[in-house]
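Structural overview for review
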Amino acid sequence: MFSRFLKDSNQEHKQAIVEKPTVGELHGATDKENDSHTSPFSESGSSKISQGSGDENLPKRKIDLYRAIVRKIFTPLENQEESRLAISAPISSPSQVSHKVHVEYDPNSSTGFVGLPPHWEQLLLNAGIGTQEVEQYPQEAADVLRFHTKPNLPPIATDDMLSAYDDDCTNEELSPVCSIILQQDPYTFYKDLKKIGEGASGSVYKATSIDCPQHRVAMKKVKLTSQTVHEAMETEINMMRSIQNDNVVRFYEAYEWDEHLWLVMELLEAGSLTDIIYFLMEHKCYLDEKHIAFVCQEVLKGLEGIHALRRIHRDVKSDNVLTDFDGHMKLADFGYCAQISNEKLKRTTVVGTPYWMAPELIRGKPYDYKVDVWSLGILALECAEGEPPLLHETPLRAMFLITTRGPPGLKSPDRWSALFRDFLQKCLQIEPSKRASIKELLLHPFLKSASSRKEMAKLIRLCRKVPEHVPFM
Ligand SMILES: Nc1ncnc2c1ncn2[C@@H]1O[C@H](COP(=O)(O)OP(=O)(O)OP(=O)(O)O)[C@@H](O)[C@H]1O
């Protein structure tokens, strides 16, 4: 879901995380002192390393930057003749970057160097990634640039890395998706459409079945502007319809009509977890640990169902956790979901927000189910602090920091239980093999502190201003 990304880019909710009362203290809370807003990563917070030069320093800074890149990213070519070749795009994958892009120093050129793709230079500068950082982490800089400029997701890990779910895998063949897309006008079956959300690809409406008025649904309407859009929707439909899990939004049917595709699904009328988190932030409040444990438990159960089908969600974040007024939490948005058995992923769509992304994904390494575990850890931090780490950074710099710093953590760890800290630490391991599996996390003692669904429903109703005794219609 891109809506928040757009909002974030516009800096609309750039507020420092403050020490806030818990949900239990929502009423009558006293203001507490703000945390100093340090980087959630190690001591060298981003503010300390960002290159703060003004415009007057730009030419020098640019040349320094190029020099760093020439020296470190593009390994010197042994063949002198070859190294004299200037500009030879296109940009290749990072592992071959030195073979495809040759750069040489030219004191007569306005910038100092030739051969560096200009948009790379501009991207680094705009993102505030400084010379020293590039020098220190040349390969990471190359990786994030490659990912940012050519955001094909890296290949999924090969089968021998995926033993975790082999036994209970039910990777059944699905009927072709086109056979379940009805070529009919959805208005024949649904009425009272009311817009409830807007996504990157279209709008989402709630609606009522004409035949069965108790049956209320959510309908995502996407304009079929190209074959790519059609294929992306087919992927989403295919993923959704194959997963029957209480913690995954249910797919009902799809219609193709009048150059639009309509995806009809279960209605989660209380909106996204982001809405709950934002409401609490507006009231200088955050989720209690028991509510965070509940969220983690529900997301883990959803992921367990997805992974059992050898699929990876790849976009776990609060925007994609939908809620209802009975306290249910379900994973939504399968636009990025991937089927493990596909040896090479063919997606070419621009990748969404990077703040929840696992380091191996950004670095273009083969990856597996553990990317969802990392994102769950970021989601838990988001619940605790109102937003994911690095949200104040540009996406490119955030990606760079995710790959170069140690795992993110809580801003004020002392305020949280040892069990929660341990849970986070198990999710947020840089090395995927050291990261806990979904099964291990489902057994983690932190989840024993989870609130009941009823308590969660109470909080959701409070945040959405729906009285407890009123059944929601
Ligand atoms: N099943 C649903 N029930 C209730 N609300 C929903 C449902 N699905 C989506 N929404 C709401 O509609 C909004 C947009 O959803 P959508 O999935 O289109 O977002 P997106 O991920 O940004 O878009 P896209 O998939 O096109 O990238 C969500 O933020 C959510 O609040």
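Residues numbered from 1 in each chain as written. Predicted model: local features only at pLDDT ≥ 70, side-chain atom pairs only at ≥ 80, totals over all residues. Heavy atoms only, no water.

Remarks on the packing of aromatic side chains
Here a ring pair, both rings aromatic, is described through the centre-centre distance and the interplanar angle of the planes. Formally: Here is the rule: rings of Phe, Tyr and Trp (six-membered ring for Trp) pair when centre to centre is within 6.5 Å. Planes less than 30 degrees apart are stacked, more than 60 are edge-to-face, and the remainder are tilted. Secondary structure follows DSSP: runs of H or I at least 4 residues long count as helices, runs of E at least 2 residues long count as strands, and numbering of each begins at the N terminus. Throughout this description, buried means an accessible area under 20% of the type-specific maximum (1.4 Å probe, protein chains only), exposed means over 50%, and partly exposed covers the range between. Counted as over-ring charges are cases with an Arg CZ or a Lys NZ within 6 Å of the ring centre that also lie within 35 degrees of the ring normal.
Taken as a whole and judged by the stated rule, the model has nine aromatic pairs. Ring centres of F423 and F446 lie 5.2 Å apart, and the angle between their planes is 45°; this geometry places the pair in the tilted category. Remark: F446 occurs in the loop between α16 (438–442) and α17 (453–463) and F423 occurs in helix α15 (residues 418–427); sequence separation between them is 23 residues. Looking at F423, the relative accessible area reads 0%, which means it is buried. Judged by relative accessible area, which is 1%, F446 ranks as buried. Geometry around W356 places K317 over its ring, the cationic atom sitting 5.4 Å from the centre.

With respect to the pairing of strand β4 (residues 190–198)
For clarity, the cut-off: For two strands to be treated as a pair, DSSP must find at least two bridges joining them.
In this sheet, strand β5 (residues 202–209) lies alongside β4 in antiparallel orientation, the contact comprising six bridges. Its bridge partner being in β5, Y190 is matched across the sheet by S209. Linking two consecutive strands that pair antiparallel, namely β4 and β5, is a turn of three residues.

Overview of the packing of helix α11 (residues 289–308) against α17
Formally: Between N-to-C directions, angles span 0 to 180 degrees; the directions come from axes that are lines fitted to C-alpha atoms, helices contributing only their stretch in contact. By the definition adopted for this analysis, an angle is roughly parallel if under 35 degrees, roughly antiparallel if over 145, roughly perpendicular if from 65 to 115, and oblique otherwise. We call two residues in contact when some of their heavy atoms are within 4.5 Å. In the scheme used here, Gly and all other residues not listed as nonpolar or charged are polar, with Ala, Val, Leu, Ile, Met, Phe, Trp, Tyr, Cys and Pro taken as nonpolar and Asp, Glu, Lys and Arg as charged.
Two elements in contact, α11 and α17, have axes separated by 10 Å at closest approach and are oriented at 110°. In this view, α11 runs roughly perpendicular relative to α17, as classed from their interaxial angle. Contacts from K290, H291, F294, V295 and E298 of α11 reach α17 at R453, E455, M456 and L459. By residue class, the composition of the contact of α11 with α17 is four nonpolar, one polar and four charged.

Focus: helix α13 (residues 370–385)
Structural remark: α-helix, 3.6 residues per turn; residues separated by three or four positions point the same way. To keep it simple, the criterion reads: Any helix carries an expected span of 1.5 Å times its number of residues minus one.
With 16 residues, α13 should cover 22 Å at 1.5 Å per step; its first-to-last C-alpha distance of 23 Å lies within 8% of that length. When you tally the buried positions in α13, you get 16 out of 16 residues, the bulk of the element.

Comments concerning the nonpolar core
Threshold: The criterion is simple. A nonpolar core is a set of buried Ala, Val, Leu, Ile, Met, Phe, Trp, Tyr and Cys residues joined through side-chain atoms within 4.5 Å.
Counting residues in hydrophobic clusters, the biggest one holds 102 residues, and the most contacted among them are L273, I292, V299, L376, F420 and F423. Ranked by the residues each element gives to this core, the list is headed by α13, at ten residues. Setting aside its immediate chain neighbours within four residues, I292 contacts L287, A380, C383, A384, W416, F420 and F446. In terms of nonpolar packing, the next biggest core, distinct from the first, is built from eight residues, Y205, M219, Y255 and W262 among them.

Considerations on the sheet that holds strand β7 (residues 251–257)
The six strands lie next to each other as β3-β7-β8-β6-β5-β4, forming an open sheet whose pairing is mixed. The two strands at the open ends of the sheet, each matched to only one other strand, are β3 (181–182) and β4. Its contacts with the sheet put helix α9 (residues 227–242) on β3, β6 (216–223), β7 and β8 (260–266), and the angle it makes with β8 is roughly 20°.

Some details on the UniProt feature "binding site: ATP" (unreviewed entry) in the chain
Definition in use: UniProt positions are given in the numbering used here, feature names are shortened, and annotations may be inferred rather than shown by experiment. Any N or O atom pair separated by 3.5 Å or less is treated as a polar contact, with the protein-specific requirement of one donor-capable and one acceptor-capable atom, and with residues adjacent in sequence counted only for side-chain atom pairs.
UniProt records the feature "binding site: ATP" (unreviewed entry) for K220 in the present numbering. Structurally, the position occupied by K220 is in strand β6. In this structure, K220 is in contact with S201, S203, V204, E236, L261, W262, L263 and M265, ignoring residues within four places of it in sequence. For K220, the side chain forms a polar contact with the side chain of E236, separated by 3.3 Å.

A look at the sheet that holds strand β12 (residues 329–331)
Pairing is antiparallel across the open sheet formed by three strands, whose spatial order is β9-β11-β12. For this open sheet the edge positions go to β9 (271–272) and β12, each flanked by a neighbour on one side alone. Relative to β12, strand β11 (residues 321–323) runs antiparallel, the two sharing three bridges. Within β12, the position partnered with L322 by the bridge is K330.

What about the environment of L224?
Within the secondary structure layout, L224 lies in the loop between β6 and α9. Its relative accessible area of 17% is what places L224 among the buried residues. Leaving out residues up to four positions away in the same chain, L224 has contacts with V229, H230, E256, E259, H260 and L261.

Remarks on the pattern of salt bridges
Here is the rule we go by: A side-chain nitrogen of Lys or Arg and a carboxyl oxygen of Asp or Glu constitute a salt bridge if their distance falls within 4 Å.
Counting across every chain of the model gives 16 salt bridges. We note a salt bridge from D143 to R363, for which the minimum N-O separation is 2.7 Å. Within this pair, whereas D143 is found in helix α8 (residues 138–149), its partner R363 is found in the loop between α12 (359–362) and α13, the two being separated by 220 residues in sequence. Relative accessible area serves as the criterion here: at 3%, D143 is assigned to the buried category. Residue E266 pairs with K330 through a salt bridge whose shortest N-O separation is 2.8 Å. Of this pair, E266 sits in strand β8 while K330 is found in strand β12, placing the two residues 64 residues apart along the sequence. In this structure E266 comes out as buried when scored by relative accessible area, which is 14%. Overall, the relative accessible area of 10% leaves K330 in the buried class. Connected via shared salt-bridge partners are E140, D143 and R363.

Comments concerning the pairing of β8
Burial analysis of β8 places seven of its seven residues in the buried class, which makes it a mostly covered element. Across six bridges, β7 lies against β8 in antiparallel orientation. In the strand pairing of β8, A254 is matched with L263. Where β7 folds back onto β8 in an antiparallel hairpin, the turn is made up of two residues, including D258, whose phi is positive at roughly 55°.

Brief notes about the packing of α11 against α13
To characterise two packed helices, one gives the angle between the axes of the helices and the distance between these axes. In plain terms, the rule: Handedness of a crossing follows from how the near helix is turned relative to the far one, being left-handed for an anticlockwise turn of less than a right angle and right-handed for a clockwise one.
Running from amino to carboxyl end, α11 crosses α13 at an angle of 160°, the nearest separation of the two axes being 10 Å. Comparing the axis directions of α11 and α13 gives the class roughly antiparallel. Taken as a pair, α11 and α13 cross one another with a handedness that is right-handed. Counted together, I292, V295, C296, V299, L300, L303 and H307 of α11 and D372, L376, L379, A380, C383 and A384 of α13 form the full contact between these two elements. Taken together, the residues of the contact of α11 with α13 break down into eleven nonpolar, one polar and one charged.

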